[in-house]
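# Geometric and topological summary
Single-letter residue listing:
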Amino acid sequence: MSNFTPHVLTLALGIALSACATAPPQAPAPAPAAAAAPACAGDYMTPGGTLHATAWMQRSAEYRALTSTTYRQAIPALARLLTDAAASADLKQAGTGATLPPAVVMDLDETVLDNSAAQARWLATGRCTGDFEPFWDEWTAEASAAAVPGAIGYIRSARAMRDPAGRAVRVIFVTNRECRAPAGGADPCPQKQQTLDNLRKLGLDSPTLAQDTLMKGEQPGWGSEKQTRRDVVARDYRILQLVGDDFGDFLEGARSSPVDEREAARCRYSALWGERWILLPNPVYGSWQVRLVHSGRPPLEPGRPPVTFECPQP
Ligand SMILES: [Mg+2]
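## Focus: the overall build of the chain
Along the backbone of the chain there are 11 helices and 7 strands. In the chain, buried positions account for 38% of the 314 residues. Across the chain, contacts joining residues at least 24 apart in sequence account for 80% of those joining residues at least 6 apart.

## Quick notes on the packing of helix H3 (residues 50–59) against helix H5 (residues 116–125)
In the contact formed by H3 and H5, the axes pass within 10 Å of each other and the chain directions differ by 145 degrees. Handedness of the crossing formed by H3 with H5: left-handed. Contacts from Thr50, Leu51, Thr54, Met57 and Gln58 in H3 reach Ser116, Gln119, Ala120 and Leu123 in H5. Of the residues assigned to the contact of H3 with H5, the class counts are 4 nonpolar, 5 polar and no charged.

## Looking at H3
Those residues of H3 that sit buried are Thr50, Leu51, Ala53, Thr54 and Met57. Seen along its axis, H3 keeps its buried residues to an arc of 170 degrees; they face one direction.

## Topic: the nonpolar core
Membership of the largest hydrophobic core comes to 43 residues, with the highest contact counts inside it found for Ala103, Val104, Val105, Ile172, Ile239 and Leu240. Listed by contribution, the elements that provide at least two residues to this core are helix H4 (61–82), strand S1 (102–106), helix H7 (151–160), strand S4 (170–178), strand S5 (213–216), helix H9 (227–236), strand S6 (238–244) and strand S7 (277–279). Setting aside chain neighbours within four positions, we find Leu240 in contact with Leu78, Leu81, Leu82, Ala87, Ala89, Pro102, Ala103 and Val104. Residues Leu51, Leu123, Phe132 and Trp136 belong to the second largest nonpolar core, which totals 7 residues.

## What about the pairing of S6?
Along any regular strand the residues' side chains alternate between the sheet's two faces. In terms of burial, S6 is largely enclosed, as 7 of its 7 residues are buried. Direction of pairing for S1 relative to S6: parallel, over a ladder of 5 bridges. Paired with Ala103 across the strands is Ile239, a residue of S6. Examined bridge by bridge, S6 and S7 share 3 bridges and lie parallel to one another. Bridging from a neighbouring strand, Leu242 pairs with Trp277 of S7.

## Remarks on the sheet that holds S1
Taken together, 5 strands build an open sheet; the order of strands is S5-S4-S1-S6-S7 and the sheet is parallel. Of all the strands in the sheet, the pair left with one neighbour each is S5 and S7. The mean inter-strand angle of the sheet, taken between neighbouring strand axes irrespective of direction, is 20 degrees. Together, S4 and S5 form the strand contacts of helix H8 (residues 190–201), whose direction differs from that of S5 by roughly 135 degrees.

## Comments concerning the confidence of the model for the chain
Per-residue confidence for the chain gives a mean pLDDT of 85, with 83% of residues at or over 70. Contacts for the low-pLDDT stretch residues 5–38, under 50 throughout, to residues beyond four places or in other chains number 57 contacts.

## Here's the deal with the pairing of S4
Across the 9 residues that make up S4, a large majority, 9, are buried. Burial along S4 is two-sided: the residues Arg170, Ile172, Val174, Asn176 and Glu178 and Val171, Phe173, Thr175 and Arg177 are all buried. By the bridge criterion, 4 bridges tie S1 to S4 in an arrangement that is parallel. Within the sheet, the bridge partner assigned to Met106 lies in S4 and is Phe173. Examined bridge by bridge, S4 and S5 share 4 bridges and lie parallel to one another. Paired with Glu178 across the bridge in S5 is Lys216. For the crossover from S4 across H8 to S5, the handedness is right-handed.

Here is what the cut-offs are and how they apply
- Residues numbered from 1 in each chain as written.
- Predicted model: local features only at pLDDT ≥ 70, side-chain atom pairs only at ≥ 80, totals over all residues.
- Helix = DSSP H or I, 4+ residues; strand = E, 2+ residues; numbered from the N terminus.
- Buried ≥ 20, exposed ≤ 12 C-beta atoms within 10 Å, placed from the backbone.
- Contact = placed C-beta atoms within 7 Å.
- Axes fitted to C-alpha atoms, helices over the stretch in contact; angles between N-to-C directions.
- Left-handed = near helix turned anticlockwise from the far one by under 90°.
- Nonpolar A, V, L, I, M, F, W, Y, C, P; charged D, E, K, R; others polar.
- Arc of directions from axis to C-beta.
- Core = buried A, V, L, I, M, F, W, Y, C linked by C-beta atoms within 7 Å.
- Pairing = 2+ DSSP bridges.
- pLDDT = per-residue confidence, 0-100.
- Right-handed = clockwise from strand over helix to strand, strands pointing away.

Spelled out as structure tokens, the structure:
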């Protein structure tokens, strides 16, 4: 399953509600509560802060300009990395992959696949928290997610690139879409075929697409923490770039790191962003949100000076 989970959405609602004292007025929640509340016993999800975030993804030229620019700038960076045999985007691989063929590792949801239509559908119809799993299964089975602007061009460009030894760049997807066998089903991971179908519809097929798509739960030990799967890739490939929308797509342990540690890591690895670590915007959900809630801090800090967020000069 994607990071787009009921847990995260519930947290989003929690953030939105706890921010009521300081947040600007928001559009009133649509009516779903009236119909859904009895069945959900009050445990239904309302738009909260995700309403505006989803609208920004779907309606703003700014979002699309940002993703397409990010991807366009990643291509010359990848060309530079191909000529630097010591370079790796994976911190654990640093300096050890010089003889390996090149690869990039990409997340899928909100990196290659744009699920904002599912988010909009969820918000528009109002569902119980417990409805999320079948809702997400239904969405995945449709295999109809659009591409994040810029992603297709980046993937095609990467696949066409060669290292000095003439070896093509392999594009490997490490996704937290989860393998879950349906009750009575023979296929232990129908989500994988559905995801491959979606990628093929977007023109991203390759002879090794199935082999190059690593799902959560597909093998023992392949959990939400993606380092396990990056380690598998790093055995056979030099990872030139990591591409994702969540800190966990880049750094081991980042998904569960406290807010301050994440901020310190952002600065510690500032030279990697935009060069080896290619970050796409996702204002709707992510591990940042989960960590914020667990931090016990208020979601908004109106008095905090912006200069706080500048990284120390090296
Ligand atoms: Mg993602």
